[in-house]
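Spelled out from the first residue to the last, the chains are:
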Amino acid sequence: CMKRFLSTAFLAVSLAVTPLCFAAPPRAVVKPGIEVLRESHFAPLKGKRVGLVTNPSGVDRHLKSTIDILFEAPEVELVARFGPEHGVRGDAYAGSHVGNSTDAATGLPVYSLYGKTREPSIHRIHAYPAKFPAFITSKAVQRARRSGLHVRTVADIFCGCGTTAYESRKLGLEFWGCDINPVAVLIARVKSNAYDTKRLGTLFRKIVGQFKKSNFESVSLEDLPPRLRYWYHDPDAQELKTLLSAIRANTVEGKYRDFFLCAFSNILKAVSKWLTKSIKPQIDPLKQRVSVLRSFEEQVNLMIKAIADNPIDARPVRTIRRDNVLTANIPESFADIVVTSPPYVTSYEYADLHQLSSLWLGYAADYRDLREGAIGSVHRFEEVPGNTNLNAIGNAIVSNLTKVGSSKAKTTARYFSDMRTIASRCRSILRPGGMVFFVIGDTEYKGVKVSNSAYLRSCLREEGFVGIKMEKRKITGKNLSPYRTDDGKFSSNPHDKKIYAEEFVLTGRKPDHE
């Protein structure tokens, strides 16, 4: 994921050692490369985001760390450190696993080049579409601090699966977030909670023990919603119902029950008839059945290990609410920065994608009810306020869409109206001088480019934000191929439908004085 954030300059610790020769004395003076770079006022690094590959030998002639030299230089934006085999401080044995971490002194993320993964495993405890890279949060905090902002509280008004929530708590910061999607709220709470892994293990054994003693064939499916009967073979549905009962019987309401419900949620598609990796709800008639118990055991073990490998401080205040940011009663002037990624218009239907979890966990009797109020949904076009409250960019895009499809034009107009409200809400919740960081992409419909990023930038400007910047970042991860098949699966075939392969990081600051 580090490679996916803009164009990063990687500076190896073995900076060129440059001999400088003088007529007298005859002996040459040898300077470490970091000193040569400093004497140039870091000219090669200006305007770039710098990642430093280093270890304890990375120092100048006075034994000052290259890390500190680059971090303190006003000309350099050092955004991350990368540790080789023995780690950046040389405290790891040869061949041992070195995990990712955060530097307490600078707040910089430290990414291991000798670990099993380049992103914390906690971010893989539950599938979720369109997650942005975890390191964006730490980079946002670093940029805000470098600008002189004292960061204490981070907010995410589309908290999704809790990436910002977890990363904020890992940095020891308070967090406030909301999301209209109940499944997203569940994942975000679990990901950003601190747990006793021994207690998790004890509860896990009780749940599995009760499940194994059950008579699945006697379990009635009469009260199961017809939509769930559609997605499952009856024996699998009986086992899932039994497993859910065991979870609720052996846990009390709270974070430990949420942990196992999150694990349950993430196996629901795997044990169903749902077409694997499809972003459209459709049955795969050739899909092989998999064991409910084995899937659950593997999922819980993965989650317990992720919790153990990625501990967080439970002390910072964390609030995650199920709420619609457009209408929620949110406190004013409490957050120092907002780090968020709003839905893209007509891109994903989250209520549809999470329908199995929503129905099994009782969040809705009909998953379509969860579409209501969802920003960016194709179903959200009622009561379009007209184009009078859209700016010139919004009006032009909606006008072009009207020529190729009136429903998409209405949906986009509604979306643009909502995004104007989002810009206003961000200004409201930020303290004076606070900063906003949006990760947003553009979309396209029948040849009409929908410039979500440009429209949001104009909304921020109209809401009085200053110092607005928009930077492009390529989406290069293997799981985000720029092509999709007609049935919604990701594809590497350039003849299939092309989707966005880039997005933008949009930043702005609320004025210090109103």
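It should be emphasised that the depicted structure is a prediction, and the values quoted were computed from it without experimental measurement.

Section: the overall build of the chain
- The helix and strand inventory of the chain stands at 15 helices and 19 strands.
- Taken over 514 residues, the chain has a buried fraction of 53%.
- Contacts in the chain between residues at least 24 apart in sequence constitute 74% of all its contacts with a sequence separation of at least 6.
- Summing over all exposed atoms, the chain offers an accessible surface of approximately 23,600 Å²; the carbon and sulfur share of this is 51%.

Side note on the packing of helix 6 (residues 197-213) against helix 10 (residues 292-309)
- Across the interface, helix 6 lies against helix 10 with an axial gap of 11 Å and an inter-helix angle of 175°. The orientation of helix 6 with respect to helix 10, classified from their angle, is roughly antiparallel. Each of T197, L200, G201, F204, I207, V208, F211 and K212 in helix 6 lies in contact with helix 10, whose residues at this interface are L293, F296, E297, V300, N301, I304, I307 and A308.
- Partitioning the contact of helix 6 with helix 10 into residue classes produces 11 nonpolar, three polar and two charged.

Examining the state of the cysteines
- For the structure shown, the criterion picks out zero disulfides.
- Distance from the sulfur of C178, which forms no disulfide, to the nearest cysteine sulfur (C159) is 6.6 Å.

Observations regarding the pattern of salt bridges
- Tallied over the entire structure, the rule returns 21 salt bridges.
- A salt bridge links D366 to R368; its shortest N-O distance comes to 2.8 Å.
- A salt bridge links D442 to K449; its shortest N-O distance comes to 3.9 Å.
- Since its relative accessible area comes to 10%, D442 is described here as buried.
- Each member of the salt-bridge network shares a partner with another, and the members are E77, R143 and E471.

Details of the packing of aromatic side chains
- All told, the structure shown has 12 aromatic pairs when counted by the stated rule.
- Both rings, one in Y195 and one in Y256, keep their centres 5.3 Å apart while their planes meet at 85°; by these two values the pair is edge-to-face. In this pair, Y195 sits in the loop between helix 5 (182-191) and helix 6 while Y256 sits in helix 9 (residues 255-267), placing the two residues 61 residues apart along the sequence. As far as the burial class goes, Y195 and Y256 line up, both buried.
- Members of the aromatic cluster, each reached through a chain of ring pairs, are Y195, Y256, F259 and F260.
- When the ring centre of F71 is taken as origin, the NZ or CZ atom of R146, which lies over that ring, is 5.7 Å away.
- The positively charged end of K255 is found above the aromatic ring belonging to Y195, 5.5 Å away from the centroid.

Details of helix 10
- For helix 10, spanning 18 residues, the distance from its first C-alpha to its last is 26 Å, which sits close to the expected 26 Å at 1.5 Å a residue.
- Looking at the buried residues of helix 10, the elements they touch are helix 5, helix 6, helix 8 (234-249) and helix 9.
- In this structure S291 caps helix 10, since a side-chain oxygen of it lies 3.4 Å from the backbone nitrogen of L293.

Topic: unusual backbone geometry
- Look at H41: it is not a glycine, yet its phi comes out positive at around 60°.
- Here H41 shows up in the loop between helix 1 (33-39) and strand 4 (49-53).
- Backbone geometry at K446 places phi at a positive 50°, although glycine is not the residue there.
- Structurally, K446 is set in the loop between strand 13 (443-445) and strand 14 (448-450).
- On the basis of relative accessible area, K446 is assigned to the exposed category, the value being 59%.

Some points on the confidence of the model for the chain
- Confidence in the prediction for the chain averages 83 pLDDT; 80% of positions are at 70 or higher.
- The low-confidence segment residues 1-22 (pLDDT under 50) makes 69 contacts with residues lying over four places distant or belonging to another chain.
- Across residues 477-481, confidence stays below pLDDT 50; counting only partners more than four residues off in sequence or on other chains, it has nine contacts.

Quick word on the pairing of strand 12 (residues 430-440)
- Burial runs high along strand 12: nine of the 11 residues are buried.
- In this structure, strand 11 (residues 335-340) lies alongside strand 12, joined through five bridges in parallel fashion. What sits directly across from A335, in strand 12, is L430.
- Summarising the sheet, strand 12 and strand 19 (residues 502-509) pair through six bridges and their orientation is antiparallel. Across the sheet, the residue bridging to V436 is G508, located in strand 19.

Focus on the sheet that holds strand 8 (residues 153-156)
- Ordered by their spatial adjacency, seven strands build an open sheet running 10-9-8-11-12-19-15, and the pairing between neighbours is mixed. The open sheet terminates on both sides in strands that have one partner only, identified here as strand 10 (318-322) and strand 15 (466-474). Going from strand to strand, the sheet's axes swing by 15° on average, the running direction of each strand aside.
- Note that strand 8 and strand 11 share two bridges and pair parallel. Along strand 11, the bridge assignment pairs V154 with I337.

Structural notes on the nonpolar core
- Of all hydrophobic cores here, the largest spans 57 residues; its most connected members are Y232, F259, F260 and F296.
- Where this core is concerned, the elements lending two or more residues are helix 5, helix 6, helix 7 (226-231), helix 8, helix 9, helix 10, helix 11 (350-353) and helix 12 (355-360).
- Sequence-distant contacts of Y232, defined by excluding residues within four places in its chain, comprise A237, L240, L268, V271, S272, K273, L356 and W360.
- Within the second largest apolar cluster, 40 residues are counted, among which are A155, C178, A328 and I440.

Quick look at the side chain of T164
- If you trace the backbone, T164 turns up in helix 4 (residues 163-170).
- Apart from residues lying up to four places away in sequence, T164 is in contact with F132, T137, V154, D156, F175 and V339.

What counts and what doesn't
- Residues take numbers from 1 onward in each chain, read along the sequence in its written order.
- Reporting in this predicted model follows two pLDDT cut-offs: at least 70 for local features of residues, and 80 or more for side-chain atom pairs to be given and counted; totals over whole chains, interfaces and linings ignore these cut-offs and use all residues.
- Remark: hydrogens and water are excluded; side-chain values derive from all non-hydrogen atoms of the structure.
- A run of DSSP states H or I qualifies as a helix once it reaches four residues; a run of E qualifies as a strand once it reaches two. Both are numbered from the N-terminal end.
- The classification of residues rests on relative accessible area computed with a 1.4 Å probe and restricted to protein chains. Under 20% of the type maximum is buried, over 50% is exposed, and intermediate values are partly exposed.
- Residues count as neighbours in contact if any of their non-hydrogen atoms are within 4.5 Å of one another.
- The Shrake-Rupley method, run with a 1.4 Å probe sphere, supplies the accessible areas, and residue values consider only the shown protein chains as cover.
- Lines fitted to the C-alpha atoms define the axes, with helices restricted to the stretch that makes contact. Angles between their N-to-C directions range from 0 to 180 degrees.
- Every angle not falling under 35 degrees, over 145, or within 65 to 115 is termed oblique; those three ranges are roughly parallel, roughly antiparallel and roughly perpendicular.
- Lys, Arg, Asp and Glu make up the charged group, whereas Ala, Val, Leu, Ile, Met, Phe, Trp, Tyr, Cys and Pro make up the nonpolar group; the residues left over, Gly among them, are polar.
- For this text, the term disulfide refers to a pair of cysteine sulfurs within 2.5 Å.
- We count a salt bridge whenever a side-chain nitrogen from Lys or Arg sits within 4 Å of a carboxyl oxygen from Asp or Glu.
- Any pair of Phe, Tyr and Trp rings, taking the six-membered ring for Trp, is counted once the centres come within 6.5 Å. Such a pair is stacked with planes under 30 degrees apart, edge-to-face with planes over 60 apart, and tilted for the rest.
- Sitting over a ring, as applied to charges here, requires NZ of Lys or CZ of Arg to be within 6 Å of the ring centre and within 35 degrees of the ring normal.
- Every helix has an expected span of 1.5 Å times one less than the residues it contains.
- Polar contact is defined as a pair of N or O atoms within 3.5 Å, subject to the rule that within protein one atom must be able to donate a hydrogen and the other to accept it, and that residues adjacent in sequence are counted only when both atoms are side-chain atoms.
- The quantity known as pLDDT measures the predictor's confidence residue by residue, on a range of 0 to 100.
- Paired strands, as defined in this entry, are two strands with at least two bridges between them according to DSSP.
- Put simply, buried Ala, Val, Leu, Ile, Met, Phe, Trp, Tyr and Cys residues joined by side-chain atoms within 4.5 Å make one nonpolar core.

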